[in-house]
Amino acid sequence: MAALLKRIFWVRNDKSKEPVSPTVATASPTETLKAEANVTGRTIPSFVWGKDDELGTINLLTEDVVRRAAKEEMRTGKTVSLNWPIHFPSRPVFGRKIPTITTFVKGSPSVPIRDDVIHINTQSGSQWDGLKHYGLHDYNVFYNNTPADSLAEGEMEIHDPSEIDPARVKLGMHNWSKHGICGRGVLLDLVHYYTADGGALPYDPWTTHPISVAELEACAKKQGVVFRQADILLIRVGFIQKYYDSSNDAKAALRGGPEVERFTGIEQSEDMKRFLWSRGAAGTRNNHFAAVASDQPSLERWPTPQGVPTLHQTIIGLWGMPIGVSAA
């Protein structure tokens, strides 16, 4: 098992069958990143920011990174929302609860007071996958070696926000919210890349099709995108475009279980892991993204090939990198 984990997740210790315990960082975060995320890709990046870290790669979004992005990238001042409406899709995949929004008169028909009641699964629609969403299956741990059974579950009633038990909200989304996910976003528009000259997409976004590193890098080159550390990577594969072009019956049929929940996404490969994480020397990849997102439900090709673990385990469970998805 441990040998398998090493091949897939870049774990240094190939003998231990206990939860992964990489070398604890004693140097500065920058020095540790250089040591842990080396070009060979054979060390585990957990604990890079300390054993109590709850931010993961959001640590890369420093004030200097945000300041540089604002200075170099802002031109018009216009803002664009990347969210779907809160109740989209009306029929989420992966068995998630169908969202409901109820609007009602709070007072009387003659008094203009209204309220809304919203019931949703936060994993449906547009969302960030948090650090306690997906862990390492073989070891039953979440990011930073957090045992799955140590995290609270069930209804959570909190009366005083100044007296929250940290153990109850460990690895919660509030950490990212407090820090902020703000930096330079880079969009790789594969739909435009393949169809700008009038051609068709070489794949159906609603089928199990892998997007390779070569395709992403070719798209970036054509767009004139040069990656740098702490970029927020956005990948458009065409899922939502097909969603809007499809009938309501076809949209509803997507919620049909594993036999029909098949999506184009990034390939599960060692090269893809290096593409997303690498922090190399001059002349080599120096991507090391702060977060990655896509316009489809799983980011990665779905389902995974037989016997191949999901990239979610590596990206979230080991690296602590946010995954943004739509339509889940």
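Residues numbered from 1 in each chain as written. Predicted model: local features only at pLDDT ≥ 70, side-chain atom pairs only at ≥ 80, totals over all residues. Heavy atoms only, no water.

With their axes 9 Å apart at the nearest point, helix 6 (residues 213-223) and helix 9 (residues 270-277) run at an angle of 40 degrees to one another. Facing Val-213, Leu-216 and Glu-217 of helix 6, the residues of helix 9 in contact are Asp-271, Met-272 and Phe-275. Across the contact of helix 6 with helix 9, the residue classes tally to 4 nonpolar, no polar and 2 charged. (Axes fitted to C-alpha atoms, helices over the stretch in contact; angles between N-to-C directions. Helix = DSSP H or I, 4+ residues; strand = E, 2+ residues; numbered from the N terminus. Contact = heavy atoms within 4.5 Å. Nonpolar A, V, L, I, M, F, W, Y, C, P; charged D, E, K, R; others polar.)

The topology assignment puts Asn-144 in the loop between strand 4 (141-142) and strand 5 (146-147). A distance of 3.0 Å separates a polar side-chain atom of Asn-144 from the backbone oxygen of Gly-50. (Polar contact = N/O pair within 3.5 Å; in protein donor to acceptor, adjacent residues only side chain to side chain.)

Moving on to the pattern of salt bridges. Counted according to the given criterion, the structure contains 9 salt bridges. Asp-231 is the partner of Arg-184 in a salt bridge, and the nearest nitrogen-oxygen pair spans 2.7 Å. One end of the pair, Arg-184, is in the loop between helix 4 (174-179) and strand 6 (185-189); the other, Asp-231, is in the loop between helix 6 and strand 8 (232-236), and 47 residues separate them in sequence. Of the two residues, Arg-184 and Asp-231, both sit in the buried class. Residues Arg-236 and Asp-189 are paired through a salt bridge, measuring 3.1 Å at the closest nitrogen-oxygen approach. Residue Arg-236 is located in strand 8, and its partner Asp-189 is located in strand 6; the two are separated by 47 residues in the primary sequence. Judged by relative accessible area, Arg-236 falls into the partly exposed class, the value being 27%. When salt bridges with common partners are traced through the structure, they connect Arg-68, Glu-72 and Arg-228 into a single cluster. (Salt bridge = Lys/Arg side-chain N within 4 Å of Asp/Glu carboxyl O. Buried < 20%, exposed > 50% of the residue type's maximum accessible area, 1.4 Å probe, protein only.)

Bringing the environment of Ala-167 into the picture now. Within the element layout of this structure, Ala-167 appears in the loop between strand 5 and helix 4. Considered as a pair, Ala-167 and Leu-151 are 16 residues apart in the sequence and their alpha carbons are 7.2 Å apart.

It is worth spelling out the layout of surface pockets at this point. Put simply, the largest pocket is a space of about 1800 Å³. Around the largest pocket sit 49 residues that line it, and Val-80, Leu-82, Asn-83, Trp-128 and Leu-234 are the ones nearest its centre. Counting only elements with at least two residues in the lining of the largest pocket, the list comes to helix 3 (63-73), strand 3 (127-129), helix 4, strand 6, strand 8, helix 7 (239-245), strand 10 (291-294) and strand 11 (323-325). For the lining of the largest pocket, the residue count by class is 23 nonpolar, 19 polar and 7 charged. (1 Å grid on protein atoms, 1.4 Å probe; cavity = no way out; pocket = protein on both sides within 12 Å on 5 of 7 lines; lining within 4 Å. Points joined across faces, edges and corners; volume = space filled by probe spheres on them.)

What follows deals with helix 10 (residues 311-318). Burial analysis of helix 10 places 8 of its 8 residues in the buried class, the great majority of the element. Regarding helix 10, the residues found buried are Leu-311, His-312, Gln-313, Thr-314, Ile-315, Ile-316, Gly-317 and Leu-318. Phi turns positive one or two residues past the end of helix 10, at Gly-320, with a value near 70 degrees.

Once that is clear, we can look at the sheet that holds strand 3. By way of backbone hydrogen bonds, the strands of a sheet pair with one another, either parallel or antiparallel. In spatial order, the strands read 3-11-10-8-6; together these 5 strands make up an open sheet with mixed pairing. Of all strands in the sheet, those with a lone pairing partner are strand 3 and strand 6, marking the two edges. Between one strand axis and the next, the sheet turns through 20 degrees on average, direction left out of account. Sheet topology note: the strand 6/strand 8 ladder contains 5 bridges and is parallel. If you follow Asp-189 over to strand 8, its bridge partner there is Arg-236. (Pairing = 2+ DSSP bridges.)

With that settled, the discussion passes to the confidence of the model for the protein chain. For the protein chain, the mean per-residue pLDDT works out to 85, and 84% of the residues sit at or above 70. Scored below 50 in pLDDT, residues 1-46 shows 98 contacts in the model against residues more than four places distant or in partner chains. (pLDDT = per-residue confidence, 0-100.)

This part covers the packing of aromatic side chains. One pass over the full model with this rule turns up 15 aromatic pairs. Their ring planes at 85 degrees and their centres at 6.0 Å tell us that Phe-94 and Phe-263 sit as a pair that is edge-to-face. In this pair, Phe-94 is assigned in the loop between helix 3 and strand 1 (100-105) and Phe-263 in the loop between helix 8 (248-253) and strand 9 (265-266), connecting sequence segments 169 residues apart. Looking at Phe-94, the relative accessible area reads 27%, which means it is partly exposed. Aromatic pair Phe-227 and Phe-289: ring centres 5.3 Å apart, planes at 85 degrees, arrangement edge-to-face. You can see Phe-227 sitting in the loop between helix 6 and strand 8 and its partner Phe-289 sitting in the loop between helix 9 and strand 10, a full 62 residues away along the chain. Of the two residues, Phe-227 and Phe-289, neither departs from the other in class, the shared state being buried. (Phe/Tyr/Trp six-rings, centres within 6.5 Å; stacked < 30°, edge-to-face > 60°.)

The next point concerns the nonpolar core. Leu-216, Leu-233, Phe-239, Phe-275, Leu-276, Val-292 and Ile-315 are the most contacted members of the largest nonpolar core, which has 60 residues in total. Residues in contact with Leu-233, not counting those within four places in the same chain, are Val-186, Leu-188, Phe-227, Phe-275, Leu-276, Phe-289, Ala-291, Val-292 and Ala-293. (Core = buried A, V, L, I, M, F, W, Y, C linked by side-chain atoms within 4.5 Å.)

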